[in-house]
Amino acid sequence: MSSFYALVIGAASAIAQAAIQQFEADQDCLGIFAVSRSVPNTERATKTQWLESDYSETSIQRICQSLSSYSGKISKVLICNGILHNDSMMPERKLEEIRASQLEAIFHANTIIPMLWLSQLLPILQGEQATQVALFSARIGSISDNKTGGWYSYRASKAALNMLIQTSSVEYARRAKNVKLIAFHPGTTDTPLSKPFQRSVPKDKLFTADFVATQLLSIMGSVTMDNKAAYLDWNNQPIEW
């Protein structure tokens, strides 16, 4: 593999942190740009440069402009932003639980923010080097796979993200032929996002963040560069859109 730079967005998440550590250990990785809402205090010399963002449209534009000198050099991008629940909301189990405020919050985090990054990154990712962009989706966003219902906001936000990834791949194929877009399903990972729902998950299906990061980076390194969006799970198996 040739030398590359990596960009990890939503870098405070457990999987993102694990991926950053793996990039740090990769001799081919020249540097990592890590974007998060707050920058950690660290004096240890690393290859990681932290960039603070509130994920507003203006902030995303500013960061992408600051990365313009690395155009054509960043070839590994992880967009890890997302939310499932917080102190004031949980996934809806029935129609009576639908609230406009929850729909808006979930769609903003899971769909709008990743799409803003995808739109602003286009000129930075144009070049000759094979480049993979993995956006964190979920199997639950598959319309054809939906047999159980429920989880309305989260399910719909990931389905909408999948459509935006598919649509973006058509334009990327014309304007940045070196880029492969991946909608990635990490499986149930032992993180705060899945904590309230782990009780019913078999032990062999509850993954560590390190395992998922390893799987994802392996997929990015071996995926077919065909100008088409891929919807893949942690085991590199395709998911029906």
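Here goes a summary of the coordinates provided. In this text the structure is predicted, and so the values were computed from the model without any measurement.

### So, the overall build of the protein chain
Next up, step 1: The helix and strand inventory of the protein chain stands at five helices and nine strands.
Next up, step 2: Counted from the first residue to the last, the protein chain has its helices and strands arranged as β-α-β-β-α-β-α-β-α-β-β-β-α-β.
Next up, step 3: Taken over C-alpha atoms, the radius of gyration comes to 17 Å for the protein chain, in line with the 18 Å a tight globule of 241 residues would show.
Next up, step 4: In the protein chain, which comprises 241 residues, the proportion classed as buried is 48%.
Next up, step 5: Counted over contacts in the protein chain with a minimum sequence separation of 6, partners at least 24 positions apart contribute 69%.
Next up, step 6: Total accessible area computed for the protein chain in this model is approximately 12,100 Å², and 52% of it derives from carbon and sulfur atoms.
Next up, step 7: Counting 22 positive and 21 negative side-chain charges, the protein chain places the centres of these two groups 3 Å from one another.

### Digging into helix H2 (residues 57-66)
Next up, step 1: Within the sequence span of H2, burial applies to Ser-59, Ile-60, Ile-63 and Cys-64. Buried residues in H2, looked at end-on, bunch into an arc of 130°, giving them a common side. In H2, the exposed residues that point more than 90 degrees away from the buried face are Thr-58 and Gln-65.
Next up, step 2: On its buried face, H2 is in contact with strand S2 (29-36), strand S3 (48-52) and helix H3 (100-125).

### Quick notes on the packing of aromatic side chains
Next up, step 1: One pass over the structure, following the stated rule, counts eleven aromatic pairs.
Next up, step 2: Taking the centre distance of 5.0 Å and the plane angle of 65° together, the rings of Tyr-5 and Tyr-70 count as edge-to-face. One end of the pair, Tyr-5, is in strand S1 (residues 4-9); the other, Tyr-70, is in the loop between H2 and strand S4 (74-79), with 65 residues separating them in the sequence.
Next up, step 3: Relative to Trp-117, the ring of Tyr-55 lies with its centre 6.4 Å away and its plane at 75°, an arrangement referred to as edge-to-face. In this pair, Tyr-55 is assigned in the loop between S3 and H2 and Trp-117 in helix H3, connecting sequence segments 62 residues apart.
Next up, step 4: The class for Tyr-55 is buried, based on a relative accessible area of 5%.
Next up, step 5: A relative accessible area of 0% places Trp-117 in the buried class.
Next up, step 6: Taken together, the aromatic side chains of Tyr-5, Phe-33 and Tyr-70 make up a single cluster linked through ring pairs.

### Notes on the nonpolar core
Nonpolar side chains in soluble globular proteins generally cluster together in the buried interior.
Next up, step 1: One finds Trp-117 and Leu-121 to be the most contacted residues of the largest nonpolar core, which totals 34 residues.
Next up, step 2: Contributions of two or more residues to this core are made by S1, S2, H2, S4, H3, strand S5 (131-136), helix H4 (152-175) and strand S6 (179-185).
Next up, step 3: Of all the elements, H3 adds the most residues to this core, at eight residues.
Next up, step 4: The residues contacting Trp-117, other than those within four sequence positions of it, are Ile-9, Val-35, Ser-53, Tyr-55, Ile-60, Ile-63, Cys-64, Ile-79 and Asn-81.
Next up, step 5: In terms of nonpolar packing, the next biggest core, distinct from the first, is built from 31 residues, Ala-11, Cys-80, Phe-136 and Phe-207 among them.

### Concerning the sheet that holds S4
Next up, step 1: On the basis of which strands lie adjacent, the open sheet formed by seven strands has the order S3-S2-S1-S4-S5-S6-S9 and parallel pairing. Across the chains shown, the open sheet's two edge strands, defined by having one partner strand only, are S3 and strand S9 (230-233). Within the sheet, the average angular offset between the axes of one strand and its neighbour, ignoring direction, is 20°.
Next up, step 2: Summarising the sheet, S2 and S3 pair through five bridges and their orientation is parallel. Pairing of Phe-33 across the sheet is with Gln-49, part of S3.

### Let's talk about the pairing of S6
Next up, step 1: Within S6, seven of the seven residues are buried, leaving the element largely enclosed by the surrounding structure.
Next up, step 2: What you see with S6 is no split at all: Val-179, Leu-181, Ala-183 and His-185 on one side and Lys-180, Ile-182 and Phe-184 on the other are buried throughout.
Next up, step 3: Handedness of the crossover joining S5 and S6 through H4 is recorded here as right-handed.

### A few points about the pattern of salt bridges
Next up, step 1: Applying the stated criterion to the full structure yields four salt bridges.
Next up, step 2: With its nearest N and O atoms 3.0 Å apart, the salt bridge here joins Arg-139 to Asp-233. Residue Arg-139 is found in the loop between S5 and H4, and its partner Asp-233 is found in strand S9; the two are separated by 94 residues along the sequence.
Next up, step 3: Asp-226 is paired through a salt bridge with Lys-180; the nearest N and O atoms lie 2.5 Å apart. Of this pair, Asp-226 sits in the loop between helix H5 (209-222) and S9 while Lys-180 sits in strand S6, placing them 46 residues apart in sequence.
Next up, step 4: Looking at Lys-180, the relative accessible area reads 4%, which means it is buried.

Calculation criteria
Residues numbered from 1 in each chain as written. Predicted model: local features only at pLDDT ≥ 70, side-chain atom pairs only at ≥ 80, totals over all residues. Heavy atoms only, no water. Helix = DSSP H or I, 4+ residues; strand = E, 2+ residues; numbered from the N terminus. Rg over C-alpha atoms; globule rule 2.2 N^0.38 Å. Buried < 20%, exposed > 50% of the residue type's maximum accessible area, 1.4 Å probe, protein only. Contact = heavy atoms within 4.5 Å. Areas by Shrake-Rupley, 256 points an atom, 1.4 Å probe, with all protein chains shown as cover. Lys, Arg positive; Asp, Glu negative; His and termini not counted. Charge placed at Lys NZ, Arg CZ, Asp CG, Glu CD. Arc of directions from axis to C-beta. Phe/Tyr/Trp six-rings, centres within 6.5 Å; stacked < 30°, edge-to-face > 60°. Core = buried A, V, L, I, M, F, W, Y, C linked by side-chain atoms within 4.5 Å. Pairing = 2+ DSSP bridges. Axes fitted to C-alpha atoms, helices over the stretch in contact; angles between N-to-C directions. Right-handed = clockwise from strand over helix to strand, strands pointing away. Salt bridge = Lys/Arg side-chain N within 4 Å of Asp/Glu carboxyl O.

Interpretation in functional terms is not warranted from these geometric data alone.
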